[in-house]
Amino acid sequence: MKAELTNVGFQDLTSAEEVDNFMQNTKGTALVVINSVCGCAAGAARPGVRAALAGSDVKPDHLATVFAGADLEATAKMREYTLPYPPSSPAVALFKDGELIHFVERHHIEGRSAQMIAEHLKMAFEEFCTEEA
């Protein structure tokens, strides 16, 4: 489940320290997936994220993931960066210079296809991941 993201370039953050280092030292745009074992992560979130990255000319500068239910400390720390949104997994966050600029909560993933998630993310990339944004 982790490999579905790390194999396409996501940095696996497994501790609170790694999350803080990533968030505080990453300039530009960063896509962070709060991964999980649930069916909507397997059927929509991970495939949708991969399809968005493969199908978009505009992409975030950095990719990272934390795994809810496995890397508890890292997930809790990442969720501090996604406030005021409540804890949600799976979820997809887009940051610019460490500031949350777009967030896809679990209830926006459940019941949607991977293609719908991909199209949504591609629109977010177009809006937020260009030089002018």
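In case you missed it, the structure is sitting above this.
What counts, and at which threshold
Residues numbered from 1 in each chain as written. Predicted model: local features only at pLDDT ≥ 70, side-chain atom pairs only at ≥ 80, totals over all residues. Heavy atoms only, no water. Helix = DSSP H or I, 4+ residues; strand = E, 2+ residues; numbered from the N terminus. Rg over C-alpha atoms; globule rule 2.2 N^0.38 Å. Contact = heavy atoms within 4.5 Å. Areas by Shrake-Rupley, 256 points an atom, 1.4 Å probe, with all protein chains shown as cover. Pairing = 2+ DSSP bridges. Axes fitted to C-alpha atoms, helices over the stretch in contact; angles between N-to-C directions. Nonpolar A, V, L, I, M, F, W, Y, C, P; charged D, E, K, R; others polar. Polar contact = N/O pair within 3.5 Å; in protein donor to acceptor, adjacent residues only side chain to side chain. Core = buried A, V, L, I, M, F, W, Y, C linked by side-chain atoms within 4.5 Å. Buried < 20%, exposed > 50% of the residue type's maximum accessible area, 1.4 Å probe, protein only. Phe/Tyr/Trp six-rings, centres within 6.5 Å; stacked < 30°, edge-to-face > 60°.

Student: Honestly, the overall build of the protein chain in this entry has me stumped. Any pointers?
Tutor: For the protein chain, the helix and strand inventory stands at five helices and five strands. Helices and strands in the protein chain line up, N terminus first, as α-β-α-β-α-β-α-β-β-α. Whereas a compact globule of 133 residues would reach a radius of gyration of roughly 14 Å, the protein chain reaches 13 Å, a difference of no more than 12%. By its C-alpha atoms, the protein chain is 35 × 30 × 30 Å across when sized along the principal axes. Long-range pairs, those at least 24 residues apart, make up 71% of the contacts in the protein chain with a sequence separation of at least 6. Accessible surface, the protein chain: about 6400 Å² in total, of which carbon and sulfur atoms supply 51%.

Student: Looking at this structure, I do not really get the sheet that holds strand β3 (residues 62-67). What am I missing?
Tutor: Sheets are built from strands that pair by backbone hydrogen bonding, the pairs being arranged parallel or antiparallel. The sheet built from five strands is open, its strands ordered β1-β3-β2-β4-β5 with mixed pairing. Only two strands of the sheet have a single neighbouring strand rather than two, namely β1 (11-12) and β5 (99-104). Strand direction decides the pairing type here: strand β4 (residues 91-96) and β5, joined by five bridges, are antiparallel. Counted as the bridge partner of Leu-94 is His-102 from β5. Along the sheet, helix α2 (residues 16-25) makes contact with β1, β2 (29-35), β3 and β4, crossing β3 at roughly 155°.

Student: Hey, could you run me through the packing of α2 against helix α4 (residues 72-81) in this one?
Tutor: A pair of packed helices can be characterised by two numbers: the angle between their axes and the separation between those axes. Where α2 meets α4, the axes come as close as 7 Å, and the angle between the chain directions of the two elements is 35°. Residue-level contacts link Ala-16, Glu-17, Val-19, Asp-20, Met-23 and Gln-24 of α2 to Glu-73, Ala-74, Lys-77, Met-78 and Tyr-81 of α4. Class assignment for the residues of the contact of α2 with α4 results in six nonpolar, one polar and four charged.

Student: Is there a simple way to explain unusual backbone geometry in this structure?
Tutor: Most peptide bonds take the trans configuration, and most residues that are not glycine carry a negative phi. Each neighbour pair has its own omega, and for Leu-83 with Pro-84 the value is 15°, a cis peptide bond. Locating Pro-84 in the fold gives a position in the loop between α4 and β4. Following Ser-89, the chain continues to Pro-90 via a peptide bond in cis, the omega torsion being 0°.

Student: What should I look at first to understand the side chain of Asp-20 in this one?
Tutor: Locating Asp-20 in the fold gives a position in helix α2. Here Tyr-81 takes part through its side chain, which lies 2.5 Å from a polar atom of the side chain of Asp-20. Among all residues touching Asp-20, those that are not within four sequence positions of it are Lys-77 and Tyr-81.

Student: Explain the nonpolar core here, please?
Tutor: A general tendency of soluble globular proteins is for nonpolar side chains to be buried together. With 22 residues, the main nonpolar core has Phe-10, Leu-31, Val-49, Leu-53, Val-92, Leu-121 and Phe-125 as its most contacted residues. For this core, the elements supplying multiple residues, two or more each, are β2, α3 (39-55), β4 and α5 (114-128). With 17 residues, the next largest nonpolar core counts Ala-30, Ala-64, Ala-91 and Ala-93 among its residues.

Student: Would you take a moment to explain the packing of aromatic side chains for this structure?
Tutor: The way to describe two aromatic rings as a pair is by their centre distance and the angle between their planes. Using the criterion set out here, one finds one aromatic pair in the structure. Arranged with centres 4.6 Å apart and planes meeting at 35°, the rings of Tyr-85 and Phe-103 form a pair that is tilted. Remark: Phe-103 occurs in strand β5 and Tyr-85 occurs in the loop between α4 and β4; sequence separation between them is 18 residues. In this structure Tyr-85 comes out as partly exposed when scored by relative accessible area, which is 32%.

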